[in-house]
Amino acid sequence: TRPGCLRGRTIVSVDSGSELFLRHATRTFLEFGDFDRCRRELVERGRAFASTARASRAKIAAVGHAFVQDGATVLVHGASRVVMALLARAASQKHFSAVVTEGRPDGAGAGVAAELRALGVPTRVVLDAAVAHHLEACDAVFVGAEGVMENGGIINKIGTLTVATCAKAMRKPVYVAAESYKFARLFPLNQKDLPEALAAPACSETGAEAPACDYTPPQYIKLLFTDLGVLTPAAVSDELIRLYS
Amino acid sequence: RLLAAARDRVSFEAVVVDAPPDLAGRATLKTLYDLGVPTTYVFLHAAAAELARASLVVVGADAVFSNGSVLARAGTFAVAALARAANVPVLVACEAYKFHDRVQLDAVAANELVDLGAVGGGAARKRHLRYDVTPATYVSAIATEHGLLPPSAVAVLVRELGAAEDKG
């Protein structure tokens, strides 16, 4: 069971975010003779890191909204607040419609659809199993990420790999919106390499089981929108080497 | 060494794929036997069936080029291609000093020729290329002392290590 403050999300981003915060806070000179000064410096750096993290969503929306074209239909999977910020920014400037997956077992799709409708975006909620059928009429897929892997792949809500595989088969681009603190030092080679914490199954009310997340390899992802800019999956490892060195 | 470390943490089975004339796999077989790992030994031409039931392929490398392609003992590309066909990930284990800023697209541009002597009563000589080049798309990950990298990150690491050298 996960702490309530995570609101159903996984610990991957907390892990990677904490690691990056530690590096950020201790990266430069800290050898002040005075302990109080050192403490104030650390608190200052912590606040700077937190405000950068908070500002990321707006930055991502700024770089990513251009990829929602006027008159397009976007498919959304999962309930990412980053994706919502991006679509909200796009909705303020152009007309588009949305197809949202139901998102079983937690059924988060309904909430996402309500938010999109409130923004004036015509939205339909579809069965997870009907994604392939509806992708034909869509122009692009937008998903968030629980964690971005070293090779540019992502860990995200179960069903993301399904959507991405169908999108690739139909030549629809898959765009991922994720803050850079989600860049993790993880490198799954296949589904069974997911960290223990994510492998735990989330059961639906009918007893059907699946892990909470799946791993989508980089070849299914077109671009990642991050606060570091628009990156190809290959560029993620470049950024990671820089972030962690 | 990688295998010894893995052996301490998990139990696994191994398949050693070997090929003449070097038959370098015999040394690997001995190492695995000494570690107590249940091992199967096959020649390359019989490897397809073994790869179908493998969950991971581990190979070494003699060099890794900047485009992520891997120069290794002849036969490596064949194993990687079989692995890809069976949807098995391929892990290349090699030290970062083997990363080269050159790019090589095929095995013929630069290689070593091994002469295995005359055949057909001196009418021809039996020759064999020592290395082959496995394209980056067949490689799932490269394990170096700096961590796991995707093949696309090789050029990045070469750049970073070069920069570190220039500074220090």
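Here's what I pulled together on the structure shown here. Numbers given to residues run from 1 along each chain, matching the order in which its sequence is written. Chains carry letters from A onward and ligands carry numbers from 1 onward, assigned in written order. Note on the predicted model: pLDDT of at least 70 is required for a residue's local features to be given, and 80 or more for side-chain atom pairs to be given and counted; whole-chain, interface and lining totals, by contrast, use all residues. Excluded from the side-chain calculations are hydrogens and water; all other atoms, namely the structure's heavy atoms, are used.

1. Regarding helix α5 (residues 154-167) of chain B
Here comes step 1: Helix length check: α5(B) (14 residues) gives 20 Å between terminal C-alpha atoms against 20 Å at 1.5 Å per residue, within 8%.
Here comes step 2: Each residue is placed in one exposure class: buried if its accessible area under a 1.4 Å probe, protein chains only, is under 20% of its type's maximum, exposed if it is over 50%, and partly exposed if it falls in between. Helix and strand definitions here come from DSSP, where helices need a minimum of 4 consecutive H or I residues and strands a minimum of 2 consecutive E residues; each element is numbered from the N-terminal end. For α5(B), every residue scored as buried is listed here: V154(B), V156(B) and L157(B). What you see down the axis of α5(B) is that its buried residues fit within an arc of 160 degrees, all on one side.
Here comes step 3: By the convention used here, residues are in contact when the closest approach between their heavy atoms is within 4.5 Å. Of the surrounding secondary structure, the elements contacted by the buried residues of α5(B) are α8 (233-244) of chain A together with β4 (63-64), β10 (141-144) and β11 (147-149) of chain B. Expected helix span is computed as 1.5 Å times (number of residues minus one). Working definition: the arc comes from the directions between the helix axis and the C-beta atoms, pointing outward to the latter.

2. Some words on the side chain of D238(A)
Here comes step 1: Residue placement: D238(A) occurs in helix α8.
Here comes step 2: Here a polar contact is taken to be a pair of N or O atoms separated by no more than 3.5 Å, where protein atoms must pair a possible hydrogen donor with a possible acceptor and residues adjacent in sequence count only if both atoms sit in side chains. In this structure the side chain of D238(A) is engaged in a polar contact, spanning 3.0 Å, whose partner is the side chain of R159(B).
Here comes step 3: Ignoring anything within four residues of it in the chain, the contact list for D238(A) reads V156(B) and R159(B).

3. A short note on the interface of chain A and chain B
Here comes step 1: In this assembly, 12 residues from chain A lie in contact with 15 residues from chain B.
Here comes step 2: By definition, the buried area sums, over both parts, the 1.4 Å-probe accessible area that each loses when the two are put together. Summed over both sides, the interface between chain A and chain B buries roughly 1000 Å², with carbon and sulfur atoms accounting for 67% of that surface.
Here comes step 3: Ranking the residues of chain A by area buried against chain B places F187(A), L189(A) and I241(A) at the top, with a combined share of 51%.
Here comes step 4: Salt bridge, as used here, is a side-chain nitrogen of Lys or Arg placed within 4 Å of a carboxyl oxygen of Asp or Glu. The tally of links between chain A and chain B comes to 1 salt bridge.
Here comes step 5: Ionic pairing is found between D238(A) and R159(B), a salt bridge with its closest N-O pair at 3.0 Å.
Here comes step 6: On the surface where chain A and chain B come into contact, there are 1 residue pair in polar contact (both at pLDDT 80 or more).
Here comes step 7: Ten residues, namely Ala, Val, Leu, Ile, Met, Phe, Trp, Tyr, Cys and Pro, are considered nonpolar, four, namely Asp, Glu, Lys and Arg, are considered charged, and the remaining ones, Gly among them, are considered polar. Residues of the side of chain A that touches chain B, tallied by class, amount to 4 nonpolar, 3 polar and 5 charged.

4. Side note on the sheet that holds strand β2 (residues 97-101) of chain A
All names here are of chain A.
Here comes step 1: Two strands qualify as a pair provided that DSSP identifies no fewer than 2 bridges between them. Taken together, the 7 strands give an open sheet; going across it, the order is β3-β2-β1-β4-β7-β9-β10, and neighbouring strands pair in mixed fashion. Edge positions in the open sheet fall to β3 (123-126) and β10 (229-231), since each of these has one partner strand only. Here the strands of the sheet are splayed against their neighbours by 25 degrees on average, with no regard to which way each runs.
Here comes step 2: Judged from the 3 bridges that link them, strand β9 (residues 223-226) and β10 form a sheet pairing that is antiparallel. Paired with F225 across the bridge in β10 is V230.
Here comes step 3: Sitting on the sheet, helix α4 (residues 109-118) touches β1 (73-77), β2 and β3, and the angle it makes with β3 is about 175 degrees.
Here comes step 4: Comment: axis = line fitted to C-alpha atoms, over the contacting stretch for helices; angle = value between 0 and 180 degrees taken between N-to-C directions. Docked against the sheet, α8 engages β9 and β10, running at close to 120 degrees with respect to β10.

5. Observations concerning a nonpolar patch on the surface
Here comes step 1: Like charges within 9 Å and nonpolar side chains (Val, Leu, Ile, Met, Phe, Trp, Tyr) within 5 Å are joined into patches, using only residues over 30% in relative accessible area that form no salt bridge. To measure how exposed things are, a 1.4 Å probe is used in the Shrake-Rupley method; for residues, cover is taken only from the protein chains shown. A cluster of nonpolar side chains, contributed by V108(B), L113(B) and L129(B), occupies part of the molecular surface with about 300 Å² of accessible area.
Here comes step 2: Following the sequence through the fold, L113(B) ends up in strand β7 (residues 113-119).

6. Points about the pattern of salt bridges
Here comes step 1: As enumerated under the stated definition, the model contains 18 salt bridges over all chains in all.
Here comes step 2: In this structure, D34(B) engages K30(B) in a salt bridge whose closest nitrogen and oxygen atoms are separated by 2.9 Å. Of the two residues, D34(B) and K30(B) are both situated in helix α2 (residues 25-35); the distance of 4 residues between them amounts to about one turn of the helix. For the residue pair D34(B) and K30(B), the accessibility class agrees, reading exposed in each case.
Here comes step 3: The salt bridge involving R53(B) is made with E50(B); its shortest N-O contact spans 2.9 Å.
Here comes step 4: Among the charged side chains, a network of salt bridges with common partners joins D238(A), E239(A), R242(A), R159(B) and E160(B).

7. As for the nonpolar core
Here comes step 1: Definition of nonpolar core: a set of buried residues of the types Ala, Val, Leu, Ile, Met, Phe, Trp, Tyr and Cys, connected through side-chain atoms within 4.5 Å. Grouped together as the largest cluster of nonpolar side chains are 27 residues, with contacts concentrated most on L135(A), V141(A), V148(A), I154(A), V176(A), L224(A) and V236(A).
Here comes step 2: Mapped onto this core, the elements with two or more residues apiece are α5 (131-135), β4 (140-143), α6 (160-169), β7 (174-177) and α8 of chain A.
Here comes step 3: Considering each element in turn, this core owes the most residues, 4 residues, to α6(A).
Here comes step 4: Beyond its immediate stretch of four places on either side in the chain, L224(A) contacts V148(A), G152(A), I154(A), V176(A), G229(A), V230(A), L231(A), T232(A), P233(A) and V236(A).
Here comes step 5: I241(A), L51(B), F99(B) and I142(B) belong to the second-largest nonpolar core, a separate cluster that totals 25 residues.

8. Overview of the sheet that holds β11(B)
Residue and element names in this part refer to chain B.
Here comes step 1: Within the open sheet, the 4 strands sit side by side as β3-β6-β10-β11. Their pairing is mixed. Of all strands in the sheet, those with a lone pairing partner are β3 (57-59) and β11, marking the two edges. Looking at each pair of strands side by side, their axes are set apart by 25 degrees on average, direction ignored.
Here comes step 2: Where strand β6 (residues 90-93) lies against β10, 3 bridges are found, and the strand directions are parallel. Each bridged residue has a counterpart across the sheet, and for A93 the counterpart in β10 is A143.

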